[in-house]
Amino acid sequence: GAPWLTPTNVQLEAGAAFMLQSPSAAATTNTITLLGEVVVDADVPTPIVPSFQTVAYPFSSQTALSEMDLLDQAKPAPVPGPADKLYLWDVDTGLYVQYFTKGDGNWYRADQPPWTVPADTTVELGQGILYQANASFTWVETNKYLGNL
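None of the values given here were measured: they were computed from a predicted structure. (Residues numbered from 1 in each chain as written. Predicted model: local features only at pLDDT ≥ 70, side-chain atom pairs only at ≥ 80, totals over all residues. Heavy atoms only, no water.)

## Topic: the nonpolar core
Here's step 1: In terms of nonpolar packing, the biggest core is built from 24 residues, with L65, M68, L70, L86, Y99, W107 and Y131 touching the most fellow members.
Here's step 2: Elements with a contribution of two residues or more to this core: β1 (43–48), α1 (70–73), β4 (85–90), β5 (95–101), β8 (128–133) and β9 (137–142).
Here's step 3: With three residues, the top contributor of residues to this core is β8.
Here's step 4: Ignoring sequence-local partners within four residues, the contact set of Y131 consists of I48, S51, F52, Q53, V55, L70, A74, K75, D84, K85, L86 and F137. (Core = buried A, V, L, I, M, F, W, Y, C linked by side-chain atoms within 4.5 Å. Buried < 20%, exposed > 50% of the residue type's maximum accessible area, 1.4 Å probe, protein only. Helix = DSSP H or I, 4+ residues; strand = E, 2+ residues; numbered from the N terminus. Contact = heavy atoms within 4.5 Å.)

Okay, here's the thing in structure tokens:
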């Protein structure tokens, strides 16, 4: 049969994400169930390559965008164009919202110039991030809840 009709059970590592495309004419709604364990590593490295990729906050919690270590590792710029960018899906609008950092310890919404008000955004548990990098690096995220397990 067609390879896209073969059931699969893909293992996703901490920090991995995926995009799912359903046919626009789909007559039924399907449920996707993700199961996993609490990540007990002190930090999780995630390779980032130039271009677009899907990634995720690698720990079993939601987090403020401003509290992610990625903020210190992303390429900053005074305007969105040359900066690394991340995109989060907005369920209410059905659109991706683009963020970038100027290197001042904050993320900013790219659609809100002159970029003086930092974004107050949360990455929800299990929410994927579409990341656009200008260069390769390893995003190392530190486990902020490790001492509370």
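## Some thoughts on the pattern of salt bridges
Any two side chains of opposite charge can pair, given that their charged atoms come close.
Here's step 1: Scanning all chains against the criterion turns up three salt bridges.
Here's step 2: Among the ionic pairs, K144 bridges to D69, the shortest N-O distance being 3.4 Å. Of this pair, K144 sits in the segment after β9 while D69 sits in the loop between β3 (63–64) and α1; the two residues are 75 residues apart in sequence, bridging distant segments of the chain.
Here's step 3: Here K144 falls in the partly exposed class, since its relative accessible area comes to 42%.
Here's step 4: Taking the relative accessible area as the measure of exposure, D69 reaches 17% and is therefore buried.
Here's step 5: Through salt bridges with shared partners, a single ionic network connects D69, E141 and K144. (Salt bridge = Lys/Arg side-chain N within 4 Å of Asp/Glu carboxyl O.)

## A short note on the pairing of β4
Here's step 1: Both β4 and β5 contribute to a ladder of six bridges, which runs antiparallel. Note on β5: the bridge partner recorded for L88 is V97.
Here's step 2: Between β4 and β5, which pair antiparallel and follow one another directly, the connecting turn spans four residues, one of which, G94, has a positive phi of 70°.
Here's step 3: Direction of pairing for β4 relative to β8: antiparallel, over a ladder of three bridges. (Pairing = 2+ DSSP bridges.)

## Comments concerning the packing of aromatic side chains
Here's step 1: Across all of its chains, the model carries seven aromatic pairs by this definition.
Here's step 2: Geometrically, the ring pair formed by F59 and Y145 is edge-to-face, given 5.9 Å between the ring centres and 85° between the ring planes. Residue F59 is located in the loop between β2 (51–56) and β3, and its partner Y145 is located in the segment after β9; the two are separated by 86 residues in the primary sequence.
Here's step 3: On the numbers, 5.6 Å between centres and 90° between planes, the contact of F100 with W115 is edge-to-face. Taken together, the residues F100 in strand β5 and W115 in the loop between β6 (107–109) and β7 (122–123) connect sequence positions 15 residues apart. Each member of the pair, F100 as well as W115, carries the same accessibility label: buried.
Here's step 4: Each residue in the set Y57, F59 and Y145 is aromatic and connected to the rest through ring pairs, giving one cluster. (Phe/Tyr/Trp six-rings, centres within 6.5 Å; stacked < 30°, edge-to-face > 60°.)

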